[in-house]
There are 4 protein chains.
Amino acid sequence: MVSQKNDSLKRKLYSIIFEAETTAGRTFDIILLIIIVASVVVVSLESVVSLRRDHLQLFQTLEWSFTILFTIEYFVRIYSSQKPVNYIFSFFGIIDFLAIIPTYLSLFVIGSQYLLVIRVFRLLRIARVFRLTRFVNEGQVLSRALNASITKITVFLGVVLMMVIVVGTLMYVIEGRESGYTSIPISIYWAIVTLTTVGFGDITPATPLGQLLASCLMIMGYGIIAVPTGIVSVELSRADKLDATSRVCPNCHKEGHSSDAKYCDNCGHLLRGKA
Amino acid sequence: MVSQKNDSLKRKLYSIIFEAETTAGRTFDIILLIIIVASVVVVSLESVVSLRRDHLQLFQTLEWSFTILFTIEYFVRIYSSQKPVNYIFSFFGIIDFLAIIPTYLSLFVIGSQYLLVIRVFRLLRIARVFRLTRFVNEGQVLSRALNASITKITVFLGVVLMMVIVVGTLMYVIEGRESGYTSIPISIYWAIVTLTTVGFGDITPATPLGQLLASCLMIMGYGIIAVPTGIVSVELSRADKLDATSRVCPNCHKEGHSSDAKYCDNCGHLLRGKA
Amino acid sequence: MVSQKNDSLKRKLYSIIFEAETTAGRTFDIILLIIIVASVVVVSLESVVSLRRDHLQLFQTLEWSFTILFTIEYFVRIYSSQKPVNYIFSFFGIIDFLAIIPTYLSLFVIGSQYLLVIRVFRLLRIARVFRLTRFVNEGQVLSRALNASITKITVFLGVVLMMVIVVGTLMYVIEGRESGYTSIPISIYWAIVTLTTVGFGDITPATPLGQLLASCLMIMGYGIIAVPTGIVSVELSRADKLDATSRVCPNCHKEGHSSDAKYCDNCGHLLRGKA
Amino acid sequence: MVSQKNDSLKRKLYSIIFEAETTAGRTFDIILLIIIVASVVVVSLESVVSLRRDHLQLFQTLEWSFTILFTIEYFVRIYSSQKPVNYIFSFFGIIDFLAIIPTYLSLFVIGSQYLLVIRVFRLLRIARVFRLTRFVNEGQVLSRALNASITKITVFLGVVLMMVIVVGTLMYVIEGRESGYTSIPISIYWAIVTLTTVGFGDITPATPLGQLLASCLMIMGYGIIAVPTGIVSVELSRADKLDATSRVCPNCHKEGHSSDAKYCDNCGHLLRGKA
């Protein structure tokens with residue numbers, strides 16, 4: 001009896017916390033969303049010195065309230081899961097855990113409460129709340145395209161890294177320690193800042209030879225940004241076509257019908273599927 | 001009699017002010033264009049301290065003249081419209097209204113006259129003046145392509161925002177308050193400056209660990225700019241193809257058949273033309 | 001007799017100076033090339049204070065020598081042209097003229113000799129010297145693609161300009177005169193620096209609201225760079241296809257054979273033309 | 001007898017050092033890899049003043065150990081090669097040589113040991129170690145695409161260079177020596193920093209006219225980045241298509257027929273497969 005009752009409670013909790021089909025489930029998700037955003041905002045504002053000085057009490061109260069709420073939620077999630085271990089070691093299970101411990105850690109380690117911003121990743125659940133499957137789909141198209149081009153991008157980044165190490169060291173040798181290039185690691189950092197066209201300007205070449213080498217690095221960085229862009233464009237275009245060519249004519253086997261086509265545009269035969 | 005005369009005046013005013021078919025209409029539009037540009041230039045120059053000190057009288061005279069002219073124009077527009085309410089709440093109606101009130105507001109709120117630059121949006125009418133339908137068309141192709149990729153870009157921006165919040169906070173924890181990263185909001189601002197490869201250099205990492213994290217962020221920002229570029233390229237290319245191969249079905253009038261299609265993919269009717 | 005002799009001299013001079021078919025013509029062009037590069041380098045180095053102080057005499061001698069050489073060349077070009085007026089008002093005629101006058105002007109206006117760097121445009125003749133028709137062709141493909149997308153890019157730049165004016169003014173109102181945004185023109189300059197992701201850092205927002213607006217502007221600038229890139233990609237891809245589809249099969253009329261194809265890949269018929 | 005023994009030793013050494021098919025060969029390559037990375041890290045860290053002061057002895061011992069190891073390896077590579085001269089003047093032979101001499105040079109020239117980072121290029125062997133033919137292939141696709149677009153990119157860079165020289169000189173004339181634009185070469189360096197959107201901010205325009213010209217240069221740099229990106233996108237897309245549809249003629253063995261080709265475009269023979 002008790003276990004049955006328990007089971008029905010578990011199912012109910014599960015549908016509220018993990019799903020967004022029922023009114024209760026949706027309401028829970030929306031409230032959770034608001035609390036997550038509020039808690040990230042509170043952590044951010046707490047770090048502003050003037051605000052912290054004046055409202056320390058308020059910030060700490062809010063932070064502990066949010067943490068206790070999230071802790072309760074975490075344990076209810078574990079309790080209501082059919083296989084708690086699966087939840088705990090799932091992507092969202094780990095995020096949920098990391099989203100509460102910094103507050104407890106802050107009792108021992110000063111400053112660790114700022115790691116609470118990891119809570120922002122909990123917002124990835126947002127997609128489910130608004131039933132934004134469209135967003136999830138588009139996200140999948142993007143990440144598929146990025147995955148397909150990961151080898152090309154790794155090769156590209158490897159070449160960039162070697163270039164940055166060599167140019168950084170040359171700048172260290174050319175410019176010398178007086179002009180900001182105080183060590184090879186710092187010079188490599190400068191080379192990255194320059195190649196990526198960020199250009200902070202905290203370290204800049206002062207000698208003519210250094211400026212010449214920097215000019216070459218900048219033009220290279222300006223030019224090779226074309227490479228990842230080209231890679232991703234091609235992959236996205238391919239993913240786009242794949243998306244569009246998933247429907248085959250059952251009569252003439254022509255591929256590439258758009259998702260809203262009803263008839264084959266080659267032989268006029270009726271198509272099966274989505275449209 | 002009076003109402004008829006009134007009606008004919010209204011029609012005439014309407015054709016002059018709202019249309020550009022007649023000589024009078026075109027002349028009006030060109031004069032309006034010049035006045036708008038002149039008024040934006042005057043507002044800009046007035047803000048330069050040295051000019052303002054020497055020519056305050058001149059600037060104020062010009063500003064009030066422009067405002068009075070635009071106010072008269074605004075009321076004539078309302079008067080000559082058949083349905084004044086439609087005009088008032090249309091896009092251009094609101095712009096026209098916002099383009100005059102800052103001067104009146106400046107009597108009460110100092111500095112509000114600078115908001116007059118909103119007048120620059122009145123220049124969007126420019127397309128009509130020069131009958132630049134070609135520009136309008138191209139603008140529509142661009143905005144259609146941007147609209148089609150808005151979901152992908154939203155997903156992309158969401159991921160970027162989370163990344164910036166997390167990296168910003170980490171930098172705050174790593175660098176500490178001494179080196180410019182005085183609060184989490186400031187650190188997030190820095191992360192945006194860095195990720196977008198703007199790199200002002202007003203805040204820069206000083207610790208080795210901070211420079212390492214900044215390097216990762218820069219390389220990421222340098223690499224992921226490929227994503228929106230790829231998205232827009234694919235959409236523009238698609239919009240372009242649709243434009244170029246816009247074949248219409250003679251049976252169901254569906255547009256957008258590709259150039260090698262033989263049958264309508266909506267109703268299966270034989271297509272005429274290229275294929 | 002004299003006029004005939006004159007004519008033959010003219011023709012000979014013309015073939016040496018304007019053409020690169022004969023050995024004399026090619027030798028002339030290569031010497032000219034070296035002198036142009038040398039004269040640009042001399043003008044550049046003359047501007048370096050330390051070099052100028054020590055070698056003023058040398059620089060002035062060289063500069064006047066180059067100018068006299070170019071002046072003689074200019075008059076010989078006019079003399080040997082069949083229609084001197086055509087040459088004088090041609091693109092290269094004007095460049096050749098502008099490449100000599102700054103030295104004479106420098107007798108009256110101090111500093112005008114630096115405008116001699118306009119000589120760098122004379123290097124555009126380089127293509128002919130090395131018979132680099134391949135470069136000229138590629139340049140034409142590029143400029144055709146840019147021309148085809150000029151309307152789209154104008155629309156894009158118009159929108160960017162309006163955005164920059166409005167955001168610049170808002171920053172002026174928000175930040176106030178104390179923090180570098182001393183006038184609306186300066187603020188617009190800052191907005192351009194920021195939107196284009198250059199980010200000098202000579203002016204930076206100091207207020208939280210200013211930093212928020214700057215963040216939005218940066219993310220916008222980072223995102224909309226995709227637009228011109230997409231436009232040019234599409235146009236280049238189209239130009240590329242046009243290039244590749246210039247050969248039609250005389251039997252089955254299939255287009256799109258690559259330039260090195262000998263047989264139609266649709267019906268196997270022999271192709272005419274390039275290959 | 002001796003020469004035979006020698007030969008067998010040579011072959012064994014060759015298979016260990018140059019190949020990665022045997023266990024011994026793979027082990028050798030992985031150990032080599034670790035030593036290379038370690039030696040680059042040591043060279044980098046040695047340049048940090050605080051570390052150098054405290055651990056000079058350690059750094060020098062490590063550096064000489066690595067160099068002696070690499071020297072032995074170099075001579076064994078020469079010894080075990082069948083044609084030593086081919087190895088010595090091959091790409092990797094030169095890299096291997098350059099990776100050891102700086103340490104010996106540092107006995108005579110102070111600072112030359114930092115050139116040891118050239119060792120980072122030895123990591124290009126990494127591909128073989130992990131049998132990463134996939135990476136090598138992708139690298140070849142990328143470099144083929146870059147090679148195919150090298151003419152277009154040269155034209156583009158030539159135009160950029162002329163633009164930068166002219167704008168740099170104009171800025172020198174406009175801004176004058178007081179505001180950082182101390183010579184034409186420096187001004188050209190600034191123009192490169194600005195056009196590539198790096199924007200260090202070490203030199204910035206101070207006059208209204210200079211800021212106007214800088215704005216134009218920035219917008220140009222922001223816009224024309226589309227050109228190399230478009231070029232590389234088109235080439236990558238073409239390389240991609242060739243890759244995907246690489247059909248070989250059974251008669252003349254010509255590769256690269258598109259997926260809808262029925263006949264070889266080189267000899268007119270019927271193709272097998274997809275079409």
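See the structure above.
Overview of the structure. Bear in mind that the values here come from a model prediction, so they are computed numbers and not experimental data. (Residues numbered from 1 in each chain as written. Chains lettered and ligands numbered in written order. Predicted model: local features only at pLDDT ≥ 70, side-chain atom pairs only at ≥ 80, totals over all residues. Heavy atoms only, no water.)

### Topic: the nonpolar core
Move 1: Counting 204 residues, the largest nonpolar core has W190(A), W190(B), W190(C) and W190(D) as its most contacted members.
Move 2: Apart from residues lying up to four places away in sequence, W190(C) is in contact with F200(B), M171(C), Y181(C), I203(C), T204(C), P205(C), A214(C) and L217(C). (Core = buried A, V, L, I, M, F, W, Y, C linked by side-chain atoms within 4.5 Å. Buried < 20%, exposed > 50% of the residue type's maximum accessible area, 1.4 Å probe, protein only. Contact = heavy atoms within 4.5 Å.)

### Focus: the interface of chain D and chain A
The accessible area lost on association of the parts is a frequent measure of interface size.
Move 1: Between chain D and chain A, the residue contacts involve 44 residues of the former and 43 residues of the latter.
Move 2: Interface area for chain D against chain A, summed over the two sides, is near 3700 Å², with a carbon-plus-sulfur share of 76%.
Move 3: Along the contact surface separating chain D from chain A lie zero salt bridges.
Move 4: For the interface between chain D and chain A, the tally reads three residue pairs in polar contact (both at pLDDT 80 or more).
Move 5: Residue composition of the side of chain D that touches chain A, grouped by class: 28 nonpolar, 11 polar and five charged. (Buried area = accessible area lost by both parts, 1.4 Å probe. Salt bridge = Lys/Arg side-chain N within 4 Å of Asp/Glu carboxyl O. Polar contact = N/O pair within 3.5 Å; in protein donor to acceptor, adjacent residues only side chain to side chain. Nonpolar A, V, L, I, M, F, W, Y, C, P; charged D, E, K, R; others polar.)

### A look at unusual backbone geometry
Residue and element names in this part refer to chain A.
Move 1: For T197, which is not a glycine, the phi torsion comes out positive at approximately 60 degrees.
Move 2: Within the secondary structure layout, T197 lies in the loop between α10 (184-195) and α11 (208-224).
Move 3: A relative accessible area of 5% places T197 in the buried class. (Helix = DSSP H or I, 4+ residues; strand = E, 2+ residues; numbered from the N terminus.)

### Comments concerning the side chain of T169(C)
Move 1: Within the secondary structure, T169(C) is located in helix α9 (residues 150-175).
Move 2: Looking at T169(C), the relative accessible area reads 1%, which means it is buried.
Move 3: Separated by 2.8 Å, the side chain of T169(C) and the backbone oxygen of I165(C) make a polar contact.
Move 4: Setting aside residues up to four positions removed in sequence, T169(C) forms contacts with Y114(B), V117(B) and I184(C).

### Observations concerning the relation of the copies chain D and chain A
Move 1: Superposing chain D onto chain A takes a rotation of 89 degrees combined with a translation of 0.5 Å along the rotation axis, leaving an RMSD of 1.9 Å. Interpreted geometrically, this transformation is the action of a four-fold axis. (Least-squares fit on C-alpha atoms with pLDDT ≥ 70 in both.)

### A closer look at the pattern of salt bridges
Move 1: Applying the stated criterion across every chain, the model contains 16 salt bridges over all chains.
Move 2: For R53(B), the salt bridge identified is with D54(B), shortest N-O distance 3.8 Å.
Move 3: Accessibility expressed as a relative area gives 62% for R53(B), which makes it exposed.
Move 4: One continuous salt-bridge network, built from bridges that share partners, spans E73(A), R77(A) and D96(A).

### Concerning the packing of aromatic side chains
Move 1: Tallied over the full model, the rule gives 28 aromatic pairs over all chains.
Move 2: Residues Y74(B) and F75(B) carry aromatic rings whose centres are separated by 5.7 Å and whose planes lie at 65 degrees to one another, so their mutual orientation is edge-to-face.
Move 3: Assessed through its relative accessible area of 6%, Y74(B) is described here as buried.
Move 4: Through a chain of ring-to-ring contacts, the aromatic side chains of Y74(A), F75(A), Y87(A) and F97(A) assemble into a single cluster. (Phe/Tyr/Trp six-rings, centres within 6.5 Å; stacked < 30°, edge-to-face > 60°.)

### What about the packing of α9(C) against helix α11 (residues 208-224) of chain C?
All names here are of chain C.
Move 1: Interhelical geometry of α9 versus α11 gives an angle of 165 degrees and a closest axis separation of 10 Å. In this view, α9 runs roughly antiparallel relative to α11, as classed from their interaxial angle. Read as a crossing pair, α9 and α11 show a hand that is left-handed. Contacts between α9 and α11 involve F156, V160, M163, V167, L170, M171, I174 and E175 from the former and L209, G210, L213, L217, M220 and I224 from the latter.
Move 2: Of the residues assigned to the contact of α9 with α11, the class counts are 12 nonpolar, one polar and one charged. (Axes fitted to C-alpha atoms, helices over the stretch in contact; angles between N-to-C directions. Parallel < 35°, antiparallel > 145°, perpendicular 65-115°, else oblique. Left-handed = near helix turned anticlockwise from the far one by under 90°.)

### Looking at a nonpolar patch on the surface
Move 1: On the surface, V37(A), V41(A), L45(A) and L51(A) cluster together into a nonpolar patch covering about 270 Å² of accessible area.
Move 2: You can see V41(A) is positioned in helix α2 (residues 23-46). (Patch = residues over 30% accessible without salt bridge, like charges linked within 9 Å, V, L, I, M, F, W, Y side chains within 5 Å. Areas by Shrake-Rupley, 256 points an atom, 1.4 Å probe, with all protein chains shown as cover.)

### What about the packing of helix α9 (residues 150-175) of chain D against helix α10 (residues 184-195) of chain D?
Residue and element names in this part refer to chain D.
Move 1: The interhelical angle for the contact between α9 and α10, taken along N-to-C directions, is 120 degrees, at an axis separation of 8 Å. As judged from the angle between their axes, α9 and α10 are oblique. The element α9 and its partner α10 pack so that their crossing is right-handed. Of the residues in α10, those touching α9 at V160, M163, V164, I165, G168, T169, M171 and Y172 are I184, S187, I188, W190, A191, I192 and L195.
Move 2: Split by residue class, the contact of α9 with α10 holds 12 nonpolar, three polar and no charged.

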